Amino acid sequence: MAHRVTLIPGDGIGPEVTRAAQLVAAATGVSIEWEVVEAGEAAIRASGTPLPDAVLDSVRKNKVALKGPITTPIGGGFRSVNVALRQQLDLYASVRPARSIAGEGTRYPETDLIVVREATEGLYSGVEHWVDRDHTAAETVNVITRKASDRICKFGFDLARREGRHHVTGVHKANIMKTTGALFQTAFREMAAKYPGLQADERLIDNMCMQLVKKPSEYDVIITTNLMGDILSDLCAGLAGGLGIAPGALYGDTLAVFEPVHGSAPKYAGQDKADPVAEILCIELMLRHLGEKEAADRVFRAVWETVLEKKVVTYDLALPGYTDRPVPASTCSAMAKEIARKVPLVDLSRPLPRPGPAAGPGPVDAALEA
Ligand code: NAD
């Protein structure tokens, strides 16, 4: 029986990378019926609202969605569709794996960690206002509840156990934020005590950023609040090779929406230039969620081999300074076709090569120092 999946193409590069992901999904042979609904700028043009009820209804009905990135106007305009979608569907767990793919595009080829971010409250709750009429002061409220902190910590520890991970780090700023920070910290500590098989520790967010840039291989699963997780997951995407290869998933109790870490990159929209890998790896995560393990393994292996071969890769994986031998950049659609071509051919019995040891500062650093 076909899986019914909601498809939200999104804005900017969204339609291009979701098309690429659909091509790769089709190559697995898994039967998927896509129900396409528009959110963001296309929805405003069609119906005057960025998040029509039809989008929420479709995800509630199908329970699984693939989403492209959606633009949010800066400093005004409509509220973030991404934040609204997470809140209205109670997609409370944002899971963002940062895995180096064959060590490409990074000087941290050993990176393999997962950021688990609370996605419904914190500083993204939307509780904010101007303090005075002249708009010289403003307040944004950091809403942290025990219920949401408990469930994201439980989700993170369960995920660590399921995935065979060993080490869970809780990230907060409880030294300065004595109420919200301490509430999250207490929830983390009490949950950690229920998982004696997992090593648990804590970091303040500022120290965490420094530690990650120095030694990402020492971290395994990170659990944190909304804004901190948003920033950390972009940082970790950068450690693993860039936003072009970083997939993500949003989970509620019964719903799951798969979306890349990256945004709509408007400057590349319509140019067939964006890296499709992040959205294609969302297909891998989605297939695992749907119980299609072999198809998911094929997608990951095909991505891995394409990136490693470096014959058909987009500009971000072909940049001089990031590869030992610069190669001509391919288009988004060409890279997707190459990955799709490999999907039925890959040999799953061959183990994936482990990422090598840290390469140390590469030619990019040398160029900066010169
Ligand atoms: P961005 O992720 O769109 O782009 C940041 C940088 O990464 C840019 O240099 C871009 O060119 C590059 N990049 C991103 N995706 C890439 C890809 N697939 N291949 C190659 N390069 C890629 O972030 P931004 O510029 O800060 O935001 C643009 C818009 O996206 C904003 O409106 C923002 O609100 C929105 N956004 C949406 C989501 C989401 O839908 N979940 C997430 C983040 C940002």
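My aim in this report is to walk through the structure given alongside it, one point at a time. (Residues numbered from 1 in each chain as written. Predicted model: local features only at pLDDT ≥ 70, side-chain atom pairs only at ≥ 80, totals over all residues. Heavy atoms only, no water.)

With that settled, the discussion passes to the side chain of Ser100. If you trace the backbone, Ser100 turns up in the loop between strand S4 (93-99) and strand S5 (112-118). For Ser100, a relative accessible area of 4% corresponds to the buried category. Of note is the side chain of Ser100, whose polar atom sits 3.1 Å from the backbone oxygen of Pro109. For Ser100, the residues in contact, after removing those within four places along its chain, are Thr106, Tyr108, Pro109, Thr111, Ala240 and Trp304. (Helix = DSSP H or I, 4+ residues; strand = E, 2+ residues; numbered from the N terminus. Buried < 20%, exposed > 50% of the residue type's maximum accessible area, 1.4 Å probe, protein only. Polar contact = N/O pair within 3.5 Å; in protein donor to acceptor, adjacent residues only side chain to side chain. Contact = heavy atoms within 4.5 Å.)

Here we come to the site of the ligand. Around the ligand, the surrounding shell holds 22 residues, and the nearest of these are Ile70, Gly263, Ala265, Tyr268 and Tyr315. Lys267 places a polar side-chain atom, nitrogen or oxygen, 3.4 Å from an oxygen atom of the ligand. Residue Tyr315 places a side-chain N or O atom 2.8 Å away from a nitrogen atom belonging to the ligand. Protein chains bury 71% of the 810 Å² of accessible surface belonging to the ligand in isolation. Taken together, the residues of the shell around the ligand break down into 10 nonpolar, seven polar and five charged. (Near = heavy atom within 4 Å. Areas by Shrake-Rupley, 256 points an atom, 1.4 Å probe, with all protein chains shown as cover. Nonpolar A, V, L, I, M, F, W, Y, C, P; charged D, E, K, R; others polar.)

Bringing the pattern of salt bridges into the picture now. When the charged atoms of two side chains with opposite charge come close together, those side chains can pair. For the coordinates displayed, the defined rule picks out 27 salt bridges. The salt bridge partner of Asp158 is Lys154, with a shortest N-O separation of 2.7 Å. Here Asp158 pairs with Lys154, and both are found in helix H5 (residues 146-162), just four residues apart, close to one helical turn. By sharing partners, the salt bridges in this structure join Arg99, Glu284, Arg288, Lys293 and Asp297 into a single network. (Salt bridge = Lys/Arg side-chain N within 4 Å of Asp/Glu carboxyl O.)

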